[in-house]
Amino acid sequence: MTEPDEPEVLVYDDPDALAEAAAERVKAGIVAGVRERGAAHFAVSGGSSPVPLYRLLATRTDIPWVDVHLWWVDDRFVPPDHPDSNVALVRDTLLQADVETTHGAPVPAHNVHPFPTLDGLQAGRGPGWVAETYAEEIGRHVPAEDGRPRFDVMLLGIGPDGHTMSVFPGSPALAPDAPLALAVPAPRDVEPHLPRVTLQAHVADDARTLLVLVPDGAKAAILARVLEGPRDEQALPAQVARRAGALWLLTRAAAAELRRSS
């Protein structure tokens, strides 16, 4: 049974089953946003964890993609065609994937909102400018409540040190009054060792549908600390998603060290 201030945790046999379940939750969040506000704002993440989900979503014709705005929770400060770019990952698996009879989710080009890393690089501006510009763009498009944007669907994962987005232990992005988007120095302990840009951690507090995907059994130990250990977001930033209303989707391998599972 889920505690009142804890997320719901669901466990699946394998990454494909996890992706199927996640796709249904993404669809529900998007459909609700379109029905209630005329558009849905979908914030995606990078890394390997969401790739099976993106490939599956690329085949889904029952989602109103024309009304979806696509955003990123973080990116590396590299051009969008760089192999370490989160934009490239989503483009190649969700937006332009050649899967079965479809060629990717048909999100209109003007509804795709990557961090403007290419503009920053071409203009000789740094990650700070990219972050500030992105925050302004979010402010123009994403509906806000109490001055804070509310994404309809947000996807997160966790890193080997307990980070999420590009919010690493001790990051200023954990402060409740942090700017909406921030520049992040290249991490020393997590690859790739590249400067980054990220949304601030507590934007996850306001997402209407918050999904955390953990298919990797290699993260079982850190996942147990994040979900069942003492609360310390400064040490384990992924705990910002350890909140009521969030949904954590795990494989059995990832959940192997949890005391409880559903």
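Please read all numbers here as calculations on a predicted model, not as lab measurements.

Draft legend 1. Local environment of the sheet that holds strand β9 (residues 181–184). With antiparallel pairing, the 3 strands of this open sheet are ordered in space as β4-β10-β9. Edge positions in the sheet fall to β4 (74–76) and β9, since each of these pairs with one other strand and no more. Strand after strand, the sheet turns through a mean of 15 degrees between neighbouring axes, direction not considered.

Draft legend 2. Representation of the sheet that holds strand β5 (residues 112–113). The 7 strands lie next to each other as β1-β12-β11-β8-β2-β3-β5, forming an open sheet whose pairing is parallel. The sheet is open, and its two edges are formed by β1 (8–12) and β5, each paired on a single side. Here strand β11 (residues 209–214) runs beside strand β12 (residues 247–251); their pairing, made up of 4 bridges, is parallel. Across the sheet, residue L213 finds its bridge partner in β12, namely L249. Here helix α5 (residues 127–141) sits on the sheet and contacts β2 (40–44), β3 (68–72) and β5; the angle it forms with β3, its principal contact strand, is near 155 degrees.

Draft legend 3. Structural detail: unusual backbone geometry. For the peptide bond that leads from E191 to P192, omega is -5 degrees, which places it in the cis range. Its identity is not glycine, yet D146 carries a phi of approximately 55 degrees, on the positive side. Following the sequence through the fold, D146 ends up in the loop between β6 (144–145) and β7 (148–149). Taking the relative accessible area as the measure of exposure, D146 reaches 81% and is therefore exposed. Phi is positive for M165, close to 50 degrees, though the residue is something other than glycine. In this structure, M165 sits in the loop between β8 (153–156) and β9. The class for M165 is buried, based on a relative accessible area of 7%.

Draft legend 4. Expanded view of the nonpolar core. Judged by nonpolar contacts, the single largest core of 82 residues is most densely connected at I30, F42, M154, L199, W248 and L250. When residues of this core are assigned to their parent elements, the largest contribution, 8 residues, is made by helix α1 (residues 15–37).

Draft legend 5. Main features of α5. Taking 1.5 Å per residue, 15 residues should reach 21 Å; α5 reaches 21 Å between its end C-alpha atoms and fits that length. Taken together, the buried positions of α5 are P127, V130, A131, Y134, E137 and I138. Taken around the axis of α5, the buried residues stretch over an arc of 125 degrees, which confines them to a single face. Turned more than 90 degrees off the buried face of α5, the exposed positions are E132, G139 and R140.

Basis of the calculations
- Residues numbered from 1 in each chain as written.
- Predicted model: local features only at pLDDT ≥ 70, side-chain atom pairs only at ≥ 80, totals over all residues.
- Heavy atoms only, no water.
- Pairing = 2+ DSSP bridges.
- Helix = DSSP H or I, 4+ residues; strand = E, 2+ residues; numbered from the N terminus.
- Axes fitted to C-alpha atoms, helices over the stretch in contact; angles between N-to-C directions.
- Contact = heavy atoms within 4.5 Å.
- Buried < 20%, exposed > 50% of the residue type's maximum accessible area, 1.4 Å probe, protein only.
- Core = buried A, V, L, I, M, F, W, Y, C linked by side-chain atoms within 4.5 Å.
- Expected span 1.5 Å × (residues − 1).
- Arc of directions from axis to C-beta.

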